[in-house]
Amino acid sequence: MSLKKIEEKKKEWENGTLKPVLDKYPERKESFSTGSWLPVERVTLPEEFSEEEFLSKIGFPGEFPYTRGVQPTMYRGRLWTMRQYAGFGTAEESNKRYKYLLDQGQTGLSVAFDLPTQIGYDSDSDYAVGEVGKVGVAIDTLKDMEILFGGIPLDKVSTSMTINAPASVLLAFYIAVAEKQGVSRDKLRGTIQNDILKEYIARGTYIFPPKPSLRLITNIFEFCSREVPKWNTISISGYHIREAGSTAVQEVAFTIADGIEYVKAAINAGLDVDKFAGRLSFFFNSYNDLFEEVAKFRAARRIWAKVMKEKFNAKNPGSMKLRFHTQTGGSTLTAQQPDNNIVRVAIQTLAAVLGGTQSLHTNSRDEALGLPTEESVRIALRTQQIVAHESGVTDTVDPLAGSYYVESLTDKIEEQAWQYLNKIEDLGGMVHAIEAGFVQQEIQDVAYRYQREIESGDRVVVGVNKFVIEEEGPKDILKVDPKLRQVQMEKLAEVKKNRSNETVEQKLNELREGAKDPSKNLMPLIVDAAKEYASLGEICGVLREEFGEYKESIVL
Amino acid sequence: MSFSEKVTQGDIRSIARALSIVENNDPEKEELIDKIHKFCGNAVVWGVTGPPGAGKSSLVDHIITRLRKAGKKVGIIAVDPSSPFSGGAILGDRLRMQSHAVDEGVFIRSMASRGHLGGVSEATGDAVKVLDAAGYDVIILETIGVGQTEIDVMQIADVIMLVLVPGLGDEIQALKAGIMEIGDIFVVNKSDKHGADKVRAEIEYMLSLKQDNETGEKKPVIMTSALKDEGIDELVESMDFFIKKISDTGDLERRRKKRIELEIRKILSRKVEEAVHYNLNLENKMKKWVSSVFGKENSVYHIVNSQFGKIIKEQKAK
Amino acid sequence: MAKKIRVLIAKPGLDGHDRGAKYVARALRDAGYEVIYTGIRQTPKSIARTAVQEDVDFVGLSLLSGAHNELFPAVVDELKKNGADDIVVFGGGVIPQEDIPNLKKKGVQAVFTPGTPIKSVIDFIEEVRRHK
């Protein structure tokens, strides 16, 4: 509700100052909207609010509902973690890239795995033809993991691993490597993405059906709460949902709906919410529309806090804080005039920082062409460092709070997100909603609309449908050696020769027996098998047999 | 080997080509059917229909697995509606059956319901003949049961499975009455969902209102979950049992003969219509006739009878 | 009646990013074609067999994982093995310009890289249809 006097003055302004200008110079469009089609007003005015409203809706950073941030000092205390997603080819090459990035000032590692690894296949599998080492590093056994982290002290560096269906196995590898370094489990810091629901929705690297997948996830929650307490056991992701073409509202709503499903699953498995919820983390996208994105992050924090407090009765404040990693939107970057992408990423970085992210990956300018070259990834890192050290935005907490526009956007996004959350609740929860194809259909429809706007020119993409130039092909792109599969296969054969195949067989059988018993936590069994150099494909193979494979539920 | 021989020998490319010929109503169509029709009659045709979202394709996917295990060769024709706006179509049924794409004993073909000359039922009927002649033991015909067209298509089947799901509620009543009539076996898919028993009850109630003239027995209602792979064995058994039953009673032969009769009548109608239109030079004359009626010079019947009368006279003269 | 153009849109290999493939399928449907979409995780063999069974005129391959140099030619080969080398293969996704000549040599007749308007794909299809 607008304040009365201001409302009156607004009418005067519209008739007196605005109208003459509009008559002479009409606006560029009939109506304006955000990137996600939320209506945008010409000017936003302050609304009447009570102190109670301020305190309950906005409040203070580090306090419920955390709209302004999850810590009271935010970047005044500590900058976000600069964590560039990297990995390709062999463990040796990736190891080199990690050391380079750490040297250049990166403060945490983020591991990208190749598709066969993400889907639980070894490099010698038929499914791995053409794919080994292409989108990330190929990891077949503990041996590859040892090389990957060779010379990197796991007690000093936190590592995020983008791995989902076989997250348990890669975590097991990581724990085993740390053990060999003499680092105890309780010192390990890091994250596994471990978010299978979004795989069904938008990313596609699933293996097993929902029920056994949720079991593995809750096994990890339970295991880590005891053994690896500093580990973030899941990174509930909206990034990929956005990349699949969703709106900002859908990104928030579907991600939180996934989160709700995981919390439910864990509680049903007998875990106490305050024992694991503090280690849940999130992963969002940072897209083009600056203010919409900032509003989105604030709305997300507020919603999650309410969900945890009111729906799940969490008592520990840590359980209610939405901590998140952000990646700038890959799908906004263009193959045409790639240097323009540096500018796009800078704006998206600003959005993420003004939105209060805990860690950030910035995409490189060659995103639409291939994996980043060293120079490109350095520029991406510098982008973060310039915002951090030169722009001043880090010196106060939640600077955009109080902006009439941003607060109204925050409210709007929250309101619409709740509508989705209620709808999904009516459908029986996220698993049911996904099986019914509801989520996928919602995303596809808006993705189609978005693309049509680009095709028609209604939505401008600089360099693609406007300000286009004749271009030569780009010169310097990273290429992955196609002979890589052969190299990996030889390595794998070597490992299989040198290990005790009998022991591996035994451990795999123990895992198989454990899988049959839904009350058994599989993590210790997986760790045991991993230590004996059982391969990722072998471990996942056993689970594939016991759990079956997920069948895509497609809607078009 | 001639083209039709390749088809009956089971060459995939030729079968696919033959299906295109009948779909597109190519000039070679009639000759092809002439050549292959004596190889028809071995296959059993299962019809699968129901509203969109019922999970038909997922069910068919499981059915294919069972049939393959029993050593049967399976052909699937999945009919989807064309867009009334663009005339194009996204044919997405086979998605859910793609695991069978590399099985030599399975042939899946997607058809759009596009404005077929003669209707999609003629094209589908011929497509079934092609797969039959090519040696497939079971041919599954899948359509969305929402319109008259789809009901017509279903008449091609020897046994018809109607698939419903919970959440449709009162929509069962709203479903085209004809669809409930033609179902031989009723399936409630997504049977683990809330409301499944209610759907079963509603179907059984509707069935009790009608008399089963043919066998005097109750039509089966089967609960399945394609997602959980439950109830499928029962469903397949039920289909097999039904086929055996109507074979034994001679009913299958009766149905097939009735179908042939319908087909002959339909094609005859179509050809007569085509011939008359051609003979009358219909398209060119139409504008003049319309003006004459609009201008109140002649009634519509006068126009038609005078034109039609001409043909009868001409035929008699010949 | 003019023959309808039938297009198969497929995703070979392990890449699960289907936003582009789904968009192309829908847009081609709106352009009046009959489109069959296979879903993700298809092998060259399953794509070729599907193309043959559906008697399509075109096969469009979408791939963003960098495995195009191996998998696109593999699809062309499988089509050949099935006696279907008259089916026109085109591709799209994250494909560096410098890989395109080789793909064309191996039988992929067109490659549509990121930012290409859907009109280019439709023009290509119509151009090929005119020549047939």
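Residues numbered from 1 in each chain as written. Chains lettered and ligands numbered in written order. Predicted model: local features only at pLDDT ≥ 70, side-chain atom pairs only at ≥ 80, totals over all residues.

Caption draft 1: Structural context of the overall build of chain B. A tally of helices and strands in chain B yields 13 helices and eight strands. Here chain B, with 318 residues, has 40% of them falling under the buried criterion. Taking contacts inside chain B between residues at least 6 apart in sequence as the whole, the part at least 24 apart equals 74%. (Helix = DSSP H or I, 4+ residues; strand = E, 2+ residues; numbered from the N terminus. Buried ≥ 20, exposed ≤ 12 C-beta atoms within 10 Å, placed from the backbone. Contact = placed C-beta atoms within 7 Å.)

Caption draft 2: Structural detail: the overall build of chain C. A count of helical and extended segments in chain C gives five helices and five strands. Beginning at the N terminus, the succession of helices and strands in chain C can be written as β-α-β-α-β-α-β-α-β-α. The globule rule puts the C-alpha radius of gyration for 132 residues at 14 Å, and the 13 Å found for chain C is close to it. Along the first, second and third principal axes, the C-alpha set of chain C runs to 40 × 35 × 25 Å. Counting every position in chain C, which comprises 132 residues, the buried fraction comes to 62%. The long-range fraction of contacts in chain C, counting pairs at least 24 apart against all pairs at least 6 apart in sequence, stands at 70%. (Rg over C-alpha atoms; globule rule 2.2 N^0.38 Å.)

Caption draft 3: Quick peek at the nonpolar core. Counting residues in each nonpolar core, the largest one holds 263 residues, and the members touching the most others are I256 and I526 of chain A, V130 and L141 of chain B together with V35, V59 and V75 of chain C. When sequence neighbours within four positions are dropped, the list of residues in contact with V75 of chain C reads P12, P44, I47, A48, V59, L61 and V89 of chain C. (Core = buried A, V, L, I, M, F, W, Y, C linked by C-beta atoms within 7 Å.)

Caption draft 4: Looking closely at unusual backbone geometry. Of note, the amide linkage connecting F64 of chain A to P65 of chain A takes the cis form, showing an omega dihedral of -5 degrees. You will see that D55 of chain C, though not glycine, has its phi angle at about 45 degrees, which is positive. Note on placement: D55 of chain C falls in the loop between α2 (44-53) and β3 (58-63).

Caption draft 5: Quick peek at helix α21 (residues 523-531) of chain A. Residues and elements named next belong to chain A. When α21 is considered as a whole, its buried residues turn out to be M523, L525, I526, V527, A529 and A530. Among the structural elements, α5 (142-148), α6 (167-181), α8 (210-227), α20 (501-516) and α22 (536-547) are those in contact with the buried residues of α21. Directly after α21, the chain includes Y533, whose backbone phi takes a positive value near 70 degrees.

Caption draft 6: Region of the structure containing the environment of G402 of chain A. Relative to the assigned elements, G402 of chain A resides in the loop between α15 (374-390) and α16 (404-426). As a C-alpha pair, G402 of chain A and I58 of chain A span 344 residues in sequence and 8.9 Å in three-dimensional space.

Caption draft 7: Region of interest: helix α7 (residues 196-203) of chain A. Residues and elements named next belong to chain A. Counting buried positions along α7 gives eight out of eight residues, so the element sits mostly inside the fold. Those residues of α7 hidden inside the fold are in contact with α8, β9 (234-237), α9 (239-243), α10 (248-268), α17 (430-435) and α18 (438-456). G204 sits one or two residues past α7 and shows a positive phi near 85 degrees.

Caption draft 8: Local environment of the sheet that holds strand β8 (residues 231-232) of chain A. Residues and elements named next belong to chain A. Reading across from one edge, β4-β5-β6-β7-β8 is the order of the five strands in this open sheet, with parallel pairing throughout. Pairing within the sheet leaves two strands with one partner each, and these edge strands are β4 (85-86) and β8. In this structure, strand β7 (residues 190-192) lies alongside β8, joined through two bridges in parallel fashion. Note that in β8 the partner of G190 across the bridge is W231. (Pairing = 2+ DSSP bridges.)

Caption draft 9: The arrangement of the sheet that holds strand β1 (residues 6-10) of chain C in detail. As summarised here, the arrangement of the six strands in space is β3(B)-β2(C)-β1(C)-β3(C)-β4(C)-β5(C), forming an open sheet in which the pairing is parallel. The open sheet has two edge strands, β3 (89-91) of chain B together with β5 (108-112) of chain C, and neither has a second partner. Pairs of neighbouring strands in the sheet enclose a mean axial angle of 25 degrees, with direction left out of account. Seen against the sheet, helix α1 (residues 19-30) of chain C touches β3 of chain B together with β1, β2 (34-37), β3 and β4 (88-93) of chain C and runs at an angle of roughly 160 degrees to β2 of chain C. On the sheet, helix α5 (residues 118-131) of chain C packs against β3, β4 and β5 of chain C and is oriented at approximately 160 degrees with respect to β5 of chain C. (Axes fitted to C-alpha atoms, helices over the stretch in contact; angles between N-to-C directions.)

Caption draft 10: Seen up close, the interface of chain B and chain C. If you look at the interface, chain B gives 28 residues, while chain C gives 28 residues. Of all the secondary-structure elements, those providing two or more residues to the side of chain B that touches chain C are α2 (12-23), β3 and β4 (106-112) of chain B. With six residues, α2 of chain B is the largest single contributor of residues to the side of chain B that touches chain C. Looking at the side of chain B that touches chain C residue by residue, the class counts come to 13 nonpolar, ten polar and five charged. Sheet topology places β3 of chain B next to β2 of chain C; three bridges connect them, and they run parallel. (Nonpolar A, V, L, I, M, F, W, Y, C, P; charged D, E, K, R; others polar.)

Caption draft 11: Inspection of the pairing of β4 of chain C at higher detail. All names here are of chain C. Taking burial as the measure, the six residues of β4 include six buried ones, the bulk of the element. Neither face of β4 is open: one carries V88, F90 and G92, the other V89, G91 and G93, and all of them are buried. Sheet topology note: the β3/β4 ladder contains six bridges and is parallel. Looking across to β4, one finds that L61 is bridged to G91. Once you follow β3 into helix α3 (residues 68-81) and on to β4, the crossover reads as right-handed. Of the pairings in the sheet, the one linking β4 to β5 comprises four bridges and is parallel in character. Each bridged residue has a counterpart across the sheet, and for V89 the counterpart in β5 is V108. (Right-handed = clockwise from strand over helix to strand, strands pointing away.)

Caption draft 12: Representation of the packing of helix α12 (residues 290-311) of chain A against α16 of chain A in the model. Residues and elements named next belong to chain A. Packing of α12 against α16 brings their axes to within 8 Å, and their N-to-C directions diverge by 55 degrees. Classified by the angle between their axes, α12 and α16 sit oblique to one another. Crossing hand, α12 versus α16: right-handed. Of α16, the residues touching α12 (which contributes F291, E292, V294, A295, K296, R298, A299, R302 and I303) are Y405, V406, L409, T410, I413, E414 and A417. Here the residues of the contact of α12 with α16 sort into ten nonpolar, one polar and five charged. (Parallel < 35°, antiparallel > 145°, perpendicular 65-115°, else oblique. Left-handed = near helix turned anticlockwise from the far one by under 90°.)

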